[in-house]
Amino acid sequence: MKRIGVIGGGQLAWMMGDAAKKLGVELVVQTPSSHDPAVSIAQDVILAPVDDAIATEILAAKTDVITFENEFVNLDVLSFLEHQGVCFRPRLAALVPLLDKYHQRCYLQDLGLPVPRFFALNQQENLASKIEHLGFPVVLKSRRHGYDGQGTFIIKDLATLQQQLNSDNTKNLSQSQFLIEEFVPFERELAVIAARSVAGEVVTYPVVETQQEQQVCRRVIAPADITTDQAAEIEAIAHTLLNSLQVVGVFGIELFLTPTGQVLVNEIAPRTHNSGHFSLDACETSQFEQHLRAVCGLPLGNPALLCTSAVMVNLLGYEISTSDYQSQRQKLAEIPQAYVYWYGKTESRPGRKLGHVTVLLNHQHREAISAIARTIESIWYGN
Ligand code: ADP
């Protein structure tokens, strides 16, 4: 495998650039705009939306294998290409149960994996009694195309639910495009990156703690401070899932840890994931190299940490601007053992992921780790 097609040209594809060089493979990227981050590292670019299957046919003609950095693709149309012999890794059948959050929850539950209680929203008449069974608050989620908390709403009562369903955000969608699940009063959120090779070997990265604000990931701490049993349970979940789907490539798995120590799976990302960015600097093999290794049919690399711990902080947009924030980035780079990544997006908007910083540490003191995260955020957000 020499030429890899990547559907999507955001930061996740951009961060494959160094790994591709290291492995001696070329990346051809299908992405809508010439300003997208991965355009700068691609050997060739097809300017088209990620769900444009005609463009993907052109991508297939230029490459040996196609992978995804964005899963919002049109599987029905792509399966036509797969039937014609185009090699997708992961294969399309591995994505089928995952792209709709309701189907994903059903798939996980059928595998016997622990998930929050949930149901699909269809007949309004049953709503009150069905929700009574879960108890408020509940979480309303759009079944498709949600990311960074877009399409996830925490709902405190029936009136708020009706209001939300009639709001500008949701009124263009029918009720059948939503699911409802119990609100999990989690003690912490966790995540794990797992990879599976063509030969069926599975490796998992250290389980991390993720911290979200307004449903968007702000910080990741590796490794998470959990028990050996909890880590083993999460690794077992990853093995079950990747083997059952016969995935080739990297997956991100987001989880809740409840106050009683129970682990529940929240969401599966069928690609590299924000919770694995620390691996670029903190692990022997980054998640991006690992993904390309798997996709190219190579043996997997060692995912072990090279340091005692690491903290990753997302640099989220907080204004509309075209600034490149050079002076803030310079200050961040002066933090000892800090690695600053800037995705090169031409426009900043509130909540947009513009870059991240990872700091490597030789200790695991929670207070000191939090202090470093606060230092980064005060340099970035200016308070
Ligand atoms: P997205 O696909 O947009 O990332 P998620 O389902 O991962 O949406 O939800 C984003 C965040 O919202 C989670 O990380 C968590 O903080 C919160 N959240 C989602 N579902 C629940 C739930 N059932 N209970 C409590 N918090 C939740």
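The rules behind these values
Residues numbered from 1 in each chain as written. Predicted model: local features only at pLDDT ≥ 70, side-chain atom pairs only at ≥ 80, totals over all residues. Heavy atoms only, no water. Near = heavy atom within 4 Å. Polar contact = N/O pair within 3.5 Å; in protein donor to acceptor, adjacent residues only side chain to side chain. Areas by Shrake-Rupley, 256 points an atom, 1.4 Å probe, with all protein chains shown as cover. Helix = DSSP H or I, 4+ residues; strand = E, 2+ residues; numbered from the N terminus. Nonpolar A, V, L, I, M, F, W, Y, C, P; charged D, E, K, R; others polar. Buried < 20%, exposed > 50% of the residue type's maximum accessible area, 1.4 Å probe, protein only. Contact = heavy atoms within 4.5 Å. Pairing = 2+ DSSP bridges. Core = buried A, V, L, I, M, F, W, Y, C linked by side-chain atoms within 4.5 Å. Axes fitted to C-alpha atoms, helices over the stretch in contact; angles between N-to-C directions. Parallel < 35°, antiparallel > 145°, perpendicular 65-115°, else oblique. Left-handed = near helix turned anticlockwise from the far one by under 90°. Phe/Tyr/Trp six-rings, centres within 6.5 Å; stacked < 30°, edge-to-face > 60°.

A. Local environment of the site of the ligand. Around the ligand there are 21 residues in total, and Lys101, Lys141, Gly149, Glu181 and Glu189 lie nearest to it. For the ligand, an oxygen atom lies 2.7 Å from a polar atom in the side chain of lysine 101. Contacts to the ligand include glutamate 267, whose side-chain N or O atom sits 2.8 Å from an oxygen atom. Starting from 540 Å² of accessible surface for the ligand in isolation, the protein chains cover 94%. Listed by contribution, the elements that provide at least two residues to the shell around the ligand are strand S6 (138-142), strand S8 (178-182), strand S13 (249-257) and strand S14 (263-269). Along the lines of polarity and charge, the residues of the shell around the ligand split into six nonpolar, seven polar and eight charged.

B. Representation of helix H11 (residues 287-295) in the model. Within H11, nine of the nine residues are buried, which leaves it mostly tucked inside the rest of the structure. Here H11 has its buried residues at Gln287, Phe288, Glu289, Gln290, His291, Leu292, Arg293, Ala294 and Val295.

C. Representation of the side chain of arginine 219 in the model. Take arginine 219: it is sitting in strand S12 (residues 216-222). Contacts of arginine 219, omitting those with residues within four sequence positions, involve Glu209, Thr210, Gln211, Glu213, Met312, Val313, Ala373 and Glu377.

D. Region of interest: the pairing of strand S15 (residues 309-316). Burial analysis of S15 places eight of its eight residues in the buried class, which makes it a mostly covered element. Residues Ser309, Val311, Val313 and Leu315 point to one face of S15 and Ala310, Met312, Asn314 and Leu316 to the other, with burial holding for every one of them. Bridge count between S12 and S15: four bridges; the pairing is antiparallel. Paired with alanine 222 across the bridge in S15 is alanine 310. Relative to strand S17 (residues 353-361), S15 runs antiparallel, the two sharing eight bridges. When the sheet's bridge partners are listed, serine 309 is paired in S17 with leucine 361.

E. View of the nonpolar core. Ranked by size, the top nonpolar core spans 28 residues in total, and within it Ile253 and Leu255 carry the most contacts. Breaking this core down by element, the ones donating at least two residues are strand S9 (188-196), helix H9 (228-245), S13 and S14. Residue contributions to this core peak at seven residues, all from H9. By size, the runner-up hydrophobic cluster in this structure holds 21 residues, among which are Val6, Leu12, Ala42 and Cys296.

F. Up close: the packing of helix H12 (residues 326-333) against helix H13 (residues 366-381). Contact pair H12 / H13: the axes reach a minimum separation of 9 Å and the direction vectors enclose 165°. Relative to H13, the element H12 lies roughly antiparallel. Like other packed secondary-structure pairs, H12 and H13 cross with a definite hand, here right-handed. On H13, the residues that touch Gln328, Lys331 and Leu332 of H12 are Ile376, Ile379 and Trp380. Here the residues of the contact of H12 with H13 sort into four nonpolar, one polar and one charged.

G. View of the side chain of threonine 152. Here threonine 152 is to be found in strand S7 (residues 152-155). By relative accessible area, threonine 152 is classed as buried at 14%. Discounting chain neighbours no more than four positions away, the residues touching threonine 152 are Lys101, Val139, Leu140, Lys141 and Gln215.

H. Structural context of the packing of aromatic side chains. For the structure shown, the criterion picks out 11 aromatic pairs. Judged by centre distance (5.8 Å) and plane angle (65°), the rings of tryptophan 14 and tyrosine 343 are edge-to-face. Linking tryptophan 14 in helix H1 (residues 11-14) with tyrosine 343 in the loop between strand S16 (338-342) and S17, this pair joins segments that are 329 residues apart in sequence. Between tyrosine 318 and tryptophan 380, the aromatic rings sit 5.6 Å apart at their centres with planes inclined by 80°, giving edge-to-face as the arrangement.

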